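Coordinates in review
Here are the chains, one letter per residue:
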Amino acid sequence: MKPMSRRDFFKGASASAVTLAATGILAGCTASTASKAGTYIPGTYSATSLGMDTITVTMIFEAESIVDVQLDVKGETDTIGQAAAPVLRQAVLDKQSAEIDGVSGASITSDAVKKAVAACIAQAKGESVVIPEGAPVSEGDLPPGITAAELQASTCELGEITGAEDGGTYDVIVIGAGTSGVPCALKAAEDGAKVLVLQKEDGVVAQGNTCTGIIPGESNAPAMLQLEQETAVSCNYRSDRDQVRVYVQNSGEAVQWYYDTAIASGYPATIAPAVFDYGSPFGAYKKISVRSAGKPDNTGTVLASILKANATKLDVRYSTPAVQLIKEGGKVTGVYAKDKSGKYYRFTAAKGVVLATGDYQNNDAMVAKYCPDVKDFHKKQFHKTGDGILMGIAAGGTIEPIGHTKMIHDFDSGTMFDEPFLRVDMYGKRFHNEDVDMSYANNYMRHYDKENTGKYCQIFDDNYEAQVTGWGGRPTPKAGMQVYMPEVDVERKGVTAELIATYRANTLDELATKLGIPADKLKKSVDRYNELVDLGYDADFGKNPKFMKKIETAPYWGIKKNLRVSALCSGININSDFQALDESRNPVEGLYAIGNCSGQFYGSPDYPLHLAGLSIGRCVTAGYVLGKTLAVK
């Protein structure tokens, strides 16, 4: 079996190294020198390092500055490492240093470039430098099902890691400080466990704002069972009923804890619980929903406040991503992590390691494999590169079968997002029956060119308030529309840039220009729509006649929409105890997964909208229940 280049395996630290001399040529490093008259010895210097393949950096120095940098990255992945090269080159020139930020999604290439740049700088200063490199591995060392492109975009490392400092032993190690990770870590700590949190980012990362749970003691038992069934139906009967039952039975307690903890942490009183009944043919269940208002990243703000107020109860390491799970005798016993300076640490877990790193929407290779439906949709999140999922697979876990659950109900797409107005694509053409929830509209838009995937416009006339009221909807009053209109100068407190995309015009030609769509195609679509209204039924798409209203009264209105991926809700296969499962559906001892890093709570290709606040409620509940369980393990 032949060895592979770095294109085909994880990078890892090893005992092999290349020593660079300040004068002369050693191991592929060259120097053209002159007498030293300043910070640097003027000349041209080169050094190599391993990314996915060999990377060569050539730099030209004057006495006090770096004047040019050239990167040879032809062996790197074209859409990842090669694409990152211009950004890395400019960063070195701007900072005049190897201490630059890496390019998100190209960590392996970024690290290799920084090492080679540091080597060139050392040569120019007349110093020696050692570049540690990963030992070659054979093709069989790659975990089945993982590709080099997937790894390149993540923080994961494969291969022997040597020289790591002992970071100590903890009861529980939680990887990821988000909607599942923070509740898990804090609840375990509250119940007596010694807890470590490793977070790739420099703070808490979470999204959304409504967190819903079910209160068993105040709910009708048959109705709660019916909720489980509703979840199964909404997920095309692909949801894991055992996981759903854990949510239904425990979420009320978990959400109440979330609320109480937030208030005790000093979070502003804008967070509030609402308790109300939800009827079913079998009685009613009572749900508690906690919603915070005022910021687009509400859950993240709440969790950051909670973690800050409880900082003395646990050890939190920000900007310190986990890079590899430690497995001994078939059991996951710890984690290797790497801090901002590149220093490795080895942490031991006595009771368990919890993967809570979120989804993989920013890992293009994983998206193409597991959720190709959203390959060309814009992504709302950043740095979600599937780190926990890949580490879990490398440790023997398995990933949920495709297709994965995509959440594309982008409420940032503007007001009246679900009202069934005429919808046209960016070519001005009507493309589907508008009597469909926005969460499913994405399915009609998968085959557009990348620039226009997920983008469309709602078109209606000045009678919209009466029309929407007539079919039982909730129209935004014209006075309230002004905050969404870029042409109106008003205060827009709490309105994000994505929402400011509503236009009004006296003619359809003018409206089309403002929306950026062809006027002739828009007018043709509107004419056809009005014909169908006169016909009495939608002969093109079968839309409910009550929603068919003429577009004939000026001024005309248009809202530009952009459906973006909020989350991909599939990951490591787990059981109802949140244990990661191997290919035989047996638990991987010592390894757990929660939140969007785990599957198969939903199972359906589309996220269900039968219970508002389910996503955050499910994540908080999983973290809370697992934290409580591990503390007493």
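Just so you know, these numbers come straight off a predicted model, no measurement behind them.

1. Overview of the pattern of salt bridges
- In the structure shown here, the tally under the stated rule is 31 salt bridges.
- Note that aspartate 191 and lysine 187 form a salt bridge whose closest N and O atoms lie 3.4 Å from each other.
- Look at aspartate 191 and you get partly exposed, because its relative accessible area is 31%.
- Between lysine 478 and aspartate 462 there is a salt bridge, and its shortest N-O distance comes to 3.1 Å. With a gap of 16 residues between them, lysine 478 in helix H12 (residues 478–481) and aspartate 462 in the loop between strand E18 (455–460) and helix H11 (464–470) connect regions that are remote in the sequence.
- A residue is classified by how much of its surface remains accessible, and lysine 478, at 28% relative accessible area, is partly exposed.

2. Description of the packing of aromatic side chains
- All chains considered together, the criterion is met by 17 aromatic pairs.
- Seen in terms of ring centroids, tryptophan 471 and phenylalanine 547 are 5.4 Å apart; in terms of plane orientation they differ by 80 degrees. Their pairing is edge-to-face. One end of the pair, tryptophan 471, is in the loop between H11 and H12; the other, phenylalanine 547, is in the loop between helix H14 (519–535) and strand E20 (556–562), with 76 residues separating them in the sequence.
- Judged by relative accessible area, tryptophan 471 falls into the buried class, the value being 9%.
- Relative to tyrosine 607, the ring of tyrosine 602 has its centre 5.2 Å away and its plane inclined at 70 degrees; by these criteria the two rings are edge-to-face.
- Overall, tyrosine 602 belongs to the buried group, its relative accessible area being 0%.
- Through a chain of ring-to-ring contacts, three or more aromatic side chains come together here, namely Phe421, Phe460, Tyr464, Trp471, Phe547 and Trp557.
- The ring of tyrosine 170 is capped by lysine 194, whose NZ or CZ atom sits 4.9 Å from the centre of that ring.

3. A closer look at the packing of helix H1 (residues 78–95) against helix H2 (residues 107–124)
- In the contact formed by H1 and H2, the axes pass within 10 Å of each other and the chain directions differ by 40 degrees. Between H1 and H2, the interaxial angle falls into the category oblique. Considering the relative orientation of H1 and H2, their crossing is right-handed. For the pair H1 and H2, contact is made by Gly81, Leu88 and Val92 and by Thr109, Ser110, Val113 and Val117, respectively.
- For the contact of H1 with H2, a count of residues per class yields four nonpolar, three polar and no charged.

4. Thoughts on the sheet that holds E18
- Strand order in the open sheet made by the four strands is E17-E18-E20-E19, with antiparallel pairing throughout. On the outer flanks of this sheet lie strand E17 (422–425) and strand E19 (502–505), each paired with one strand and no other. Taken over all neighbouring pairs, the strand axes of this sheet differ in orientation by 25 degrees on average, direction set aside.
- Strand direction decides the pairing type here: E18 and E20, joined by six bridges, are antiparallel. Residue pairing across strands places glutamine 458 opposite isoleucine 559, the latter belonging to E20.
- Contacts between helix H13 (residues 508–515) and the sheet are confined to E18, E19 and E20, with E19 contributing the most and set at about 155 degrees to the helix.
- Packing of H14 onto the sheet brings it into contact with E17 and E18, and relative to E17 it is tilted by some 150 degrees.

5. What to know about the confidence of the model for the chain
- Averaged over all residues, the pLDDT of the chain is 88; the fraction at 70 or higher stands at 90%.
- Long-range and interchain partners of residues 1–35, a stretch whose pLDDT sits below 50, account for 129 contacts in this model, where long-range means more than four residues apart.
- In the model, residues 134–139 has pLDDT below 50 throughout and makes 20 contacts with residues more than four positions away in sequence or in other chains.

6. Comments concerning empty space enclosed by the protein
- By the definition in use, this model includes two cavities of 30 Å³ or more.
- Of the pockets and cavities examined, the largest cavity occupies roughly 90 Å³.
- Counting residues per element, the ones that place at least two in the lining of the largest cavity are helix H6 (241–264) and helix H15 (614–631).
- Residue composition of the lining of the largest cavity, grouped by class: eight nonpolar, four polar and one charged.
- As for the second largest cavity, its lining consists of 13 residues, and the residues nearest its centre are Phe421, Phe460, Gln467, Lys549 and Ile551.
- For the lining of the second largest cavity, the class distribution of residues is nine nonpolar, one polar and three charged.

7. Focus: H15
- The end-to-end C-alpha distance of H15, which contains 18 residues, comes to 25 Å, matching closely the 26 Å that a straight helix rising 1.5 Å per residue would cover.
- Most of H15 is tucked away, with 16 of its 18 residues classed as buried.

8. Quick look at the packing of helix H4 (residues 181–190) against H15
- Following both chains from N to C, one finds H4 and H15 inclined at 30 degrees, their axes separated by 7 Å at the closest point. The orientation of H4 relative to H15 falls into the category roughly parallel. At the point where H4 passes H15, the crossing takes the right-handed sense. On the side of H4, the interface is formed by Pro183, Cys184, Lys187 and Ala188, while H15 contributes Val620, Gly623, Tyr624, Leu626, Gly627, Lys628 and Ala631.
- Looking at side-chain class alone, the contact of H4 with H15 contains seven nonpolar, two polar and two charged residues.

9. Observations concerning the state of the cysteines
- Within the structure shown, the criterion is met by zero disulfides.
- Cysteine 619 supplies the cysteine sulfur nearest to cysteine 211, a cysteine that is in no disulfide, at a spacing of 9.0 Å.
- The class of cysteine 211 is buried, set by a relative accessible area of 0%.

10. Focus: the nonpolar core
- Ile173, Val195, Tyr258 and Leu325 are the most contacted members of the largest nonpolar core, which totals 95 residues.
- With sequence-adjacent residues up to four places away left out, tyrosine 258 is seen in contact with Cys211, Ile271, Val290, Thr299, Val302, Leu303, Ile306 and Val620.
- The next biggest cluster of nonpolar side chains, apart from the first, holds 30 residues, and it includes Ile66, Val73, Val92 and Cys120.

11. Observations concerning the pairing of strand E4 (residues 54–62)
- Of the two faces of E4, only one is covered, namely that formed by Ile55, Val57, Met59 and Phe61; the face formed by Thr54, Thr56, Thr58, Ile60 and Glu62 stays uncovered.
- Pairing geometry for strand E3 (residues 43–50) and E4, over eight bridges, is antiparallel. Residue pairing in the sheet places threonine 48 in a bridge with threonine 56 of E4.
- Linkage of E3 to E4, two consecutive antiparallel strands, is achieved through a turn of three residues.

12. Some remarks on the environment of serine 289
- Along the chain, serine 289 turns up in strand E11 (residues 283–291).
- Residue classification places serine 289 among the buried residues on the basis of a relative accessible area of 9%.
- Considering only alpha carbons, one finds serine 289 and leucine 499, 210 residues apart in sequence, at a separation of 25 Å.
- For serine 289, the side chain forms a polar contact with the side chain of threonine 212, separated by 2.7 Å.

Basis of the calculations
- Residues numbered from 1 in each chain as written.
- Predicted model: local features only at pLDDT ≥ 70, side-chain atom pairs only at ≥ 80, totals over all residues.
- Heavy atoms only, no water.
- Salt bridge = Lys/Arg side-chain N within 4 Å of Asp/Glu carboxyl O.
- Buried < 20%, exposed > 50% of the residue type's maximum accessible area, 1.4 Å probe, protein only.
- Helix = DSSP H or I, 4+ residues; strand = E, 2+ residues; numbered from the N terminus.
- Phe/Tyr/Trp six-rings, centres within 6.5 Å; stacked < 30°, edge-to-face > 60°.
- Lys NZ or Arg CZ within 6 Å of the ring centre and 35° of its normal.
- Axes fitted to C-alpha atoms, helices over the stretch in contact; angles between N-to-C directions.
- Parallel < 35°, antiparallel > 145°, perpendicular 65-115°, else oblique.
- Left-handed = near helix turned anticlockwise from the far one by under 90°.
- Contact = heavy atoms within 4.5 Å.
- Nonpolar A, V, L, I, M, F, W, Y, C, P; charged D, E, K, R; others polar.
- Pairing = 2+ DSSP bridges.
- pLDDT = per-residue confidence, 0-100.
- 1 Å grid on protein atoms, 1.4 Å probe; cavity = no way out; pocket = protein on both sides within 12 Å on 5 of 7 lines; lining within 4 Å.
- Points joined across faces, edges and corners; volume = space filled by probe spheres on them.
- Expected span 1.5 Å × (residues − 1).
- Disulfide = S-S within 2.5 Å.
- Core = buried A, V, L, I, M, F, W, Y, C linked by side-chain atoms within 4.5 Å.
- Polar contact = N/O pair within 3.5 Å; in protein donor to acceptor, adjacent residues only side chain to side chain.

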